[in-house]
Protein chains: 2
Amino acid sequence: MDSDANRRRADAPRDDGSGPLAAMLCFDLYAASRSVTSVYRTLLDPLGLTYPQYLVMAVLWRHEESTVRAIVDELRLDYNTVSPLLKRLEANGLLARRRRADDERSVAVTLTEEGRALRERTLHIPDAIGEAMGIDGETVAGLHGVLRTIADSATAYAARASAGTARTAH
Amino acid sequence: MDSDANRRRADAPRDDGSGPLAAMLCFDLYAASRSVTSVYRTLLDPLGLTYPQYLVMAVLWRHEESTVRAIVDELRLDYNTVSPLLKRLEANGLLARRRRADDERSVAVTLTEEGRALRERTLHIPDAIGEAMGIDGETVAGLHGVLRTIADSATAYAARASAGTARTAH
DNA sequence: CTCGACTATCTCGCGTGCGATGTAATCGGG
DNA sequence: CCCGATTACATCGCACGCGAGATAGTCGAG
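Predicted model, so just to flag it, every value in this text is computed and none were measured. (Residues numbered from 1 in each chain as written. Chains lettered and ligands numbered in written order. Predicted model: local features only at pLDDT ≥ 70, side-chain atom pairs only at ≥ 80, totals over all residues. Heavy atoms only, no water.)

## Some details on the nonpolar core
The tendency in soluble globular proteins is for nonpolar side chains to be buried as a group. Short version of the rule: In this description, a nonpolar core means a group of buried Ala, Val, Leu, Ile, Met, Phe, Trp, Tyr and Cys residues linked to one another through side-chain atoms lying within 4.5 Å. Only protein chains enter the accessibility calculation, which uses a 1.4 Å probe; a residue whose area is less than 20% of its type maximum is buried, one above 50% is exposed, and one in between is partly exposed. Every helix listed is a DSSP run of H or I at least four residues long, and every strand listed is a run of E at least two residues long, numbered separately from the N terminus. Each domain's limits were defined by an automated method or a database of domain assignments.
By size, the foremost hydrophobic cluster in this structure holds 109 residues, and its most contacted members are Tyr-40 of chain A together with Tyr-40 of chain B. Per element, the largest residue contribution to this core is 14 residues, and it comes from helix α1 (residues 18-44) of chain B. Structurally, this core is a two-domain feature, drawing no fewer than three residues from each of domain 1 (31-127) and domain 2 (135-164) of chain B.

## Some remarks on the packing of aromatic side chains
Just so we agree on the cut-off: Each pair of aromatic rings taken from Phe, Tyr and Trp, with Trp reduced to its six-membered ring, is defined by centres within 6.5 Å and is described as stacked if the planes are under 30 degrees apart, edge-to-face if over 60, and tilted in the remaining cases. In this scheme, the term charge over a ring applies when either NZ of a lysine or CZ of an arginine sits within 6 Å of the ring centre and within 35 degrees of the ring normal.
Inspection of every chain in the model, using the stated rule, returns 10 aromatic pairs over all chains. A ring pair is formed by Tyr-51 of chain A and Tyr-30 of chain B, whose centres lie 5.3 Å apart and whose planes are at 75 degrees; its orientation type is edge-to-face. Of this pair, Tyr-51 of chain A sits in helix α2 (residues 51-63) while Tyr-30 of chain B is found in helix α1, placing the two residues in two different chains. When its relative accessible area of 5% is taken as the criterion, Tyr-51 of chain A is described as buried. Overall, Tyr-30 of chain B belongs to the buried group, its relative accessible area being 13%. Here Phe-27 of chain B and Tyr-30 of chain B contribute two aromatic rings whose centre-to-centre distance is 6.2 Å and whose plane-to-plane angle is 55 degrees, an arrangement assigned as tilted. In this pair, Phe-27 of chain B and Tyr-30 of chain B are both assigned in helix α1, 3 residues apart and thus about one turn of the helix distant. Here Phe-27 of chain B falls in the buried class, since its relative accessible area comes to 16%. Through a chain of ring-to-ring contacts, the aromatic side chains of Phe-27 and Tyr-30 of chain A together with Tyr-40, Tyr-51, Tyr-54 and Trp-61 of chain B assemble into a single cluster. Sitting above the plane of the Tyr-30 of chain A ring, Arg-34 of chain A keeps its charged end 4.4 Å from the centroid.

Given below as structure tokens:
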């Protein structure tokens, strides 16, 4: 009876039929993210870096010195992910960690000479990524805003849901 | 002598400045994908499913019976990811695996009664996801195409790069 | 029929992501 | 000054994601 139910209104923000569409979009997001990471893998493998490791190095190449917390915030990751990641980068001789004097809880992260030098070998990567994605600059700019919106809304929703689960925050 | 060589034609799809922009977009993609997955986590946790497991179940809810290969193709994942995932779903009593009679290499995957029944408890999820993403239906539709383009281009690029690395496939 | 190529699947190892939990340092109210 | 809350960081455990490699089963040329 609803065989022609795929007829949808353009003015409705999100309602009846938009759920399945949004779900498909989530899968697209998931698949696109993995495929882009795989491009990074082909580019970063010769340097002995993974994509998240590259992101951490990029933070340090911008700031020269940082803390674990600053990196966590900038990459929107968690301590449980970043902590071992920094440990591996330190083991590879790319950075150093030491407790801060002014706040013994905090850990300062700095580049080693080797870590600083690695930057030069990554300078071609952004352009290669641009080429690999196969979309024009205008589309890129438009996409940026939408993806930020999605990330912010979804993060807020998840945080709300978790707070609800964590029995009645008094 | 080529100091102003960074001057390019505007009709070139992607060139000089678009690299860094594209790289930022990749991070947006990465962050958005993780945030969306975290929404799924809050919705799927009560059902004892992860997002990839939910995707597999969704395939079976559509097809009733499938093979490992078909699932791998449909989700754009690899055997090494799907194989243990199916094993866990089987251990949880949601599906069954058995070798095919007509082709002993192939493994048929079917739903158990419990797996079929689980579907009802997921019917609210697509709409919840739509709500969580906070974007209108028109944007969703537009995004779908762009994300497919990115995924396809990136996958092709990565495959090309890997083929190049795998010294001269004769 | 035979043998090598191909196919479908599985296992292993490593690096994330992230929930849960632990620990030490700092802060703030009484 | 003291103690409970908060902060910064770490470890543990589990489930991906994927490269590398192993194992059967099937197919096609000769």
